[in-house]
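What follows is each chain in one-letter form.
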Amino acid sequence: DAAERGGYPHFMLKEIHEQPRAVQETLAGRISEMEGDVRLDLGLNQWEIQTLQRVSILACGTSYHAGLLARYFFPRTAGLPVDVEVASEFQHMQLRPGTLLVAISQSGETADTLMALKKAKTCGVKSLAITNVVGSSITEIVDATIYTRCGPEIGVAATKTFVGQLVALFLLGIRLGRARNHLLPEQGRRLLGELSRLPGLIQAVLERRDQIREIAQRFSGADIYFFIGRDILYPIALEGALKMKEIAYIPAEGYPAGELKHGPLALITEGTPVVAFATCGEKIYSNMKEVRARGGEVIAFAAEGDREAAEITDTVVELPNTLPVFSAVLCTVGAQLLAYYTAQILGRDIDKPRNLAKSVTVE
Ligand code: G6P
């Protein structure tokens, strides 16, 4: 077991550190630089892509959060509206012709996702899976599969496969956008060029681990954590909170930053930690100030040199600069490390949290 962990105390920490590689592998051979396009077989012909009306995404848990990110990305790159449904709540009657169904499942074996997918298929729509496991059950149901190439994930709480899913969705959004002429070649090139830099940028976030461990230590006695973000970082707030619940067993709420004032602010008292993902727009600064004014402590993940964030709080983890959409990945890595070190300090069973399973094969 120790040998398999490659010198890391837990598989989760090893897998967090494997993320630069997982991204590199998931991108490998799929970028066509000249055309600013992506090579992916979607099981759709050109006409089918051009006449698509919408994308419907089904998933559970962490994979659901990946799907939520596409809800922000696809309308911008491909002009396609997206709805995302937790698989166990999926109502297949909503599906109309012209819908591309996308099921996201790391394991490819989650019963809720497989059942929802089978129901949805009866509407006669085309379907696509995003999974990490070659030949898994999900791949037998769909018309085409995009594999994330993260290698096996052992830690129950998903880390590298989530980042792999985000990268697969970035590629899909760009492919759809180029095929529908919604993205120009130079726009595709710009996005892909920046996407190729991600492995190095993730590495830079990993190098902030000591600072993040100190923050984890400082707030390890907290009885609640908040995670806030706007736009493309709202799903990351949900994912950050989920990681904190899953492995550290600290109650945690992920919230759209603008919604704080509509309720959860009542729970913020002296010293309550609020993680703010601040790499996507200015509006979050006022939410960070609202928290400070109530005595809450803001842990900001912000772009290097962000003076405004540094004026609001002393606790800033600086992330390398990139496009806001890709900063979602960098914020994710920061949140994973924060949850990991909190759980480690609290002596939790990190790779096998109580009551949870890696893959849930019952509905
Ligand atoms: C379980 C795991 C989660 C995972 C979810 C969906 O609940 O504990 O980490 O996100 O299943 O898994 P999938 O394999 O479908 O992505």
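For the structure, see preceding data.
To start, this report covers the structure provided alongside it. No experiment lies behind these values; they were computed from the predicted model shown.

1. Description of unusual backbone geometry
Link 1 in the chain: At asparagine 181, a position not held by glycine, the phi torsion is positive, near 60°.
Link 2 in the chain: Positionally, asparagine 181 belongs in the loop between α7 (160–179) and α8 (185–196).
Link 3 in the chain: Residues other than glycine seldom take positive phi values, yet aspartate 231 does so here, at roughly 55°.
Link 4 in the chain: By the secondary structure assignment, aspartate 231 is in the loop between β8 (225–229) and α11 (234–248).

2. Some thoughts on α7
Link 1 in the chain: With 20 residues, α7 extends 29 Å from end C-alpha to end C-alpha; this agrees with the ideal 28 Å at 1.5 Å per step.
Link 2 in the chain: Burial of α7 is extensive: 20 of the 20 residues sit out of reach of the surface.
Link 3 in the chain: Positioned one or two residues after α7, asparagine 181 has a phi angle of 60°, which is positive.

3. Topic: the site of the ligand
Link 1 in the chain: Surrounding the ligand, one finds 17 residues, the nearest of these being Gly61, Ser105, Gln106, Ser107 and Thr110.
Link 2 in the chain: With 3 residues, helix α4 (residues 61–78) is the largest single contributor of residues to the shell around the ligand.
Link 3 in the chain: When grouped by side-chain class, the residues that make up the shell around the ligand number 7 nonpolar, 9 polar and 1 charged.

4. Concerning the environment of glutamate 109
Link 1 in the chain: Summarising the element assignment, glutamate 109 is placed in the loop between β5 (99–105) and α5 (111–121).
Link 2 in the chain: Looking at glutamate 109, the number of C-beta atoms within 10 Å reads 17, which means it is partly exposed.
Link 3 in the chain: Taking C-alpha positions, glutamate 109 is 9.5 Å from threonine 131, a pair spaced 22 residues apart along the chain.
Link 4 in the chain: Ignoring any residue separated from it by four or fewer positions in sequence, one finds glutamate 109 in contact with Ser136, Ser137, Ser359 and Thr361.

5. Focus: the pairing of strand β4 (residues 82–86)
Link 1 in the chain: For strand β3 (residues 54–59) and β4, the ladder comprises 5 bridges, and the chain directions are parallel. Residue pairing in the sheet places alanine 59 in a bridge with valine 86 of β4.
Link 2 in the chain: A crossover connection joins β3 to the parallel β4 through α4; in handedness this β-α-β unit is right-handed.

Parameters and conventions
- Residues numbered from 1 in each chain as written.
- Predicted model: local features only at pLDDT ≥ 70, side-chain atom pairs only at ≥ 80, totals over all residues.
- Helix = DSSP H or I, 4+ residues; strand = E, 2+ residues; numbered from the N terminus.
- Expected span 1.5 Å × (residues − 1).
- Buried ≥ 20, exposed ≤ 12 C-beta atoms within 10 Å, placed from the backbone.
- Near = placed C-beta within 6 Å.
- Nonpolar A, V, L, I, M, F, W, Y, C, P; charged D, E, K, R; others polar.
- Contact = placed C-beta atoms within 7 Å.
- Pairing = 2+ DSSP bridges.
- Right-handed = clockwise from strand over helix to strand, strands pointing away.

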